[in-house]
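# Structure assessment
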Amino acid sequence: MRDVIIACDFSSKEETLNFLNKFNNKNLFLKIGMELFYSTGIDFVKELKKEGYKIFLDLKLHDIPNTVYKTIKMLSNIGVDIINVHAAGGIEMMQAAKKAIEENKSKTQLIAVTQLTSITEEVMQNELLIKNTLIETVIKYAQNTKKANLDGIVCSPLEVKYVKEVCGSDFICVTPGIRFLQSSKDDQKRVTTPQQAKELGSTYIVVGRVITSSDNPEEVYNICVEEFK
Ligand code: C5P
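### A word on the sheet that holds strand E3 (residues 54–61)
In space, the 8 strands of this closed barrel follow the order E1-E2-E3-E4-E5-E6-E7-E8, with parallel pairing throughout. Sheet twist, expressed as the average angle between the axes of neighbouring strands with direction ignored, equals 25 degrees. Judged from the 5 bridges that link them, strand E4 (residues 82–86) and strand E5 (residues 109–113) form a sheet pairing that is parallel. By the bridge assignment for E5, Val85 is matched with Ala112. Strands in contact with helix H11 (residues 217–228) are strand E1 (3–7) and strand E8 (204–207); relative to E1, the strand with the most contacts, it is inclined by about 150 degrees.

Pasting the structure below:
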C-alpha cells in the first residue's frame, strides 16, 4: 500500500506530458492539484487515468456542505483514486462529501487536509487565532475526519505517529513536506526525508519540486521509492 505520489504542479498538459515522458516507468501515482486542474480540466484527468496512472486529485475542497456534496458527487464519478477536502470545513461538510461517495458507490478514497505543511504553529496561533498547539489541532482535525467516516488525512510526517495512536493504524496518512537533507525547504516548514516519513508511519508521501525540478526526475523518484519502501 505504501507509495510515492508525484505532485504534478504544472500549468499545462504539454508540460505535464513532457515531464511524464522522461519516465520509463509508467506505473506512477500522480497528484493533480489546483494549478493543473484549473488549466486543463477534467478531460485531462480522465486521459491520465486511461493511460493507467493512479491519480490523487488534490483540490482541497472547502465550502458549505451542499456545494461540497455536489462537487464530490461529480468528481467521484471519474475514477480517480483519492480526492480531498479541508477538515477545517467541519464534520457536517465532510459527512456530505462522504455521502456523495457512498451514493455513487465510488471506490475513490476521500481524505481531509488537517493543517497545511507550510503552516507553522506561530502562524496558526497568531494569524489564524487557533490557540491550541499545532499537534493538538492536527489530532482534533484527524478525529473529526474519522468521525465523518473518511479514509484518512493529509498531514506532515511529523504528526503521523500521534494521529495513528488515536485514529488507528489503518487510517491513511498522506504526507507532503518531503525534502532530502541537502535540499531547499522552499515554502514548506514541517518537512522530513522519505526515509524519516517511512519510519514515522506515512502511508503515502507526496513529492513535488524535489522530483519535478530535477534534471533526472526518474532517478530522484527511484531514490524516494527506495528510501520509502
Ligand atoms: O513541491 P512540494 O514537494 O513542496 O509539493 C508538495 C505538494 O503537496 C504541493 O502540490 C502542495 O500543494 C501539496 N500539499 C502540501 N501540504 C498539504 C497538502 C498538500 O504541501 N497539507
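### Focus: the side chain of Lys98
Here Lys98 is to be found in helix H5 (residues 91–103). Not counting residues within four places of it along the chain, the set of residues in contact with Lys98 comprises Leu110, Ala148, Asn149, Leu150 and Asp151.

### Some details on helix H7 (residues 134–147)
With 14 residues, H7 extends 20 Å from end C-alpha to end C-alpha; this agrees with the ideal 20 Å at 1.5 Å per step. Of the surrounding elements, those touching the buried residues of H7 are H5, E5, helix H6 (121–126), strand E6 (152–154) and helix H8 (157–167). Of the residues trailing H7, Asn149 is marked for its positive phi of about 70 degrees.

### Section: the packing of helix H4 (residues 65–75) against H5
Across the interface, H4 lies against H5 with an axial gap of 8 Å and an inter-helix angle of 25 degrees. The orientation of H4 relative to H5 falls into the category roughly parallel. Where H4 crosses over H5, the two elements pack in a sense that is right-handed. On H5, the residues touching Pro65, Val68, Tyr69, Ile72 and Lys73 of H4 are Glu92, Met93, Ala96, Ala97, Lys99, Ala100, Ile101 and Glu103. In the contact of H4 with H5, the residues fall into 9 nonpolar, no polar and 4 charged.

### A few points about the pattern of salt bridges
According to the stated counting rule, one finds 12 salt bridges in the structure shown. In this structure, Asp81 engages Lys49 in a salt bridge whose closest nitrogen and oxygen atoms are separated by 2.8 Å. Of this pair, Asp81 sits in the loop between H4 and E4 while Lys49 sits in helix H3 (residues 42–50), and the two are 32 residues apart along the sequence. Its salt-bridge partner being Glu103, residue Lys73 comes within 2.7 Å of it at the nearest N-O pair. In this pair, Lys73 sits in helix H4 while Glu103 sits in helix H5, placing the two residues 30 residues apart along the sequence. The partly exposed category is assigned to Lys73, whose relative accessible area is 25%. Overlapping salt bridges, with partners in common, bring together Arg179, Asp186, Asp187 and Arg209 in one network.

### Some details on the environment of Cys224
Counting through the fold element by element, Cys224 comes out in helix H11. Note on Cys224: relative accessible area 1%, which makes it buried. Those residues in contact with Cys224, other than ones at most four positions away along the chain, are Val4, Phe180, Pro194, Val207 and Ile211.

### Quick look at the packing of aromatic side chains
The tally for this structure, following the rule as stated, stands at 5 aromatic pairs. With centroids separated by 5.4 Å and ring planes inclined at 70 degrees, the aromatic side chains of Phe29 and Tyr204 adopt a geometry described as edge-to-face. Pair noted here: Phe29 is in strand E2 (residues 29–32) and Tyr204 is in strand E8, with a separation of 175 residues, a long-range link. Here Phe29 falls in the buried class, since its relative accessible area comes to 3%. Put simply, the rings of Phe10, Phe19, Phe23 and Tyr221 touch in pairs and so form one group of aromatic residues.

### Points about the layout of surface pockets
Of the voids in this model, the largest pocket is the one considered here, and its volume is about 620 Å³. Around the largest pocket, the lining is made up of 31 residues, and of these Asp9, Lys31, Asp58, Lys60 and Gln188 lie nearest the centre. If you list the elements that add at least two residues to the lining of the largest pocket, you get helix H2 (34–40), E3, E8 and helix H10 (209–212). For the lining of the largest pocket, the leading source of residues is E3, giving 3 residues. Taken together, the residues that form the lining of the largest pocket break down as 13 nonpolar, 10 polar and 8 charged.

Rules used in this analysis
- Residues numbered from 1 in each chain as written.
- Predicted model: local features only at pLDDT ≥ 70, side-chain atom pairs only at ≥ 80, totals over all residues.
- Heavy atoms only, no water.
- Pairing = 2+ DSSP bridges.
- Helix = DSSP H or I, 4+ residues; strand = E, 2+ residues; numbered from the N terminus.
- Axes fitted to C-alpha atoms, helices over the stretch in contact; angles between N-to-C directions.
- Contact = heavy atoms within 4.5 Å.
- Expected span 1.5 Å × (residues − 1).
- Parallel < 35°, antiparallel > 145°, perpendicular 65-115°, else oblique.
- Left-handed = near helix turned anticlockwise from the far one by under 90°.
- Nonpolar A, V, L, I, M, F, W, Y, C, P; charged D, E, K, R; others polar.
- Salt bridge = Lys/Arg side-chain N within 4 Å of Asp/Glu carboxyl O.
- Buried < 20%, exposed > 50% of the residue type's maximum accessible area, 1.4 Å probe, protein only.
- Phe/Tyr/Trp six-rings, centres within 6.5 Å; stacked < 30°, edge-to-face > 60°.
- 1 Å grid on protein atoms, 1.4 Å probe; cavity = no way out; pocket = protein on both sides within 12 Å on 5 of 7 lines; lining within 4 Å.
- Points joined across faces, edges and corners; volume = space filled by probe spheres on them.

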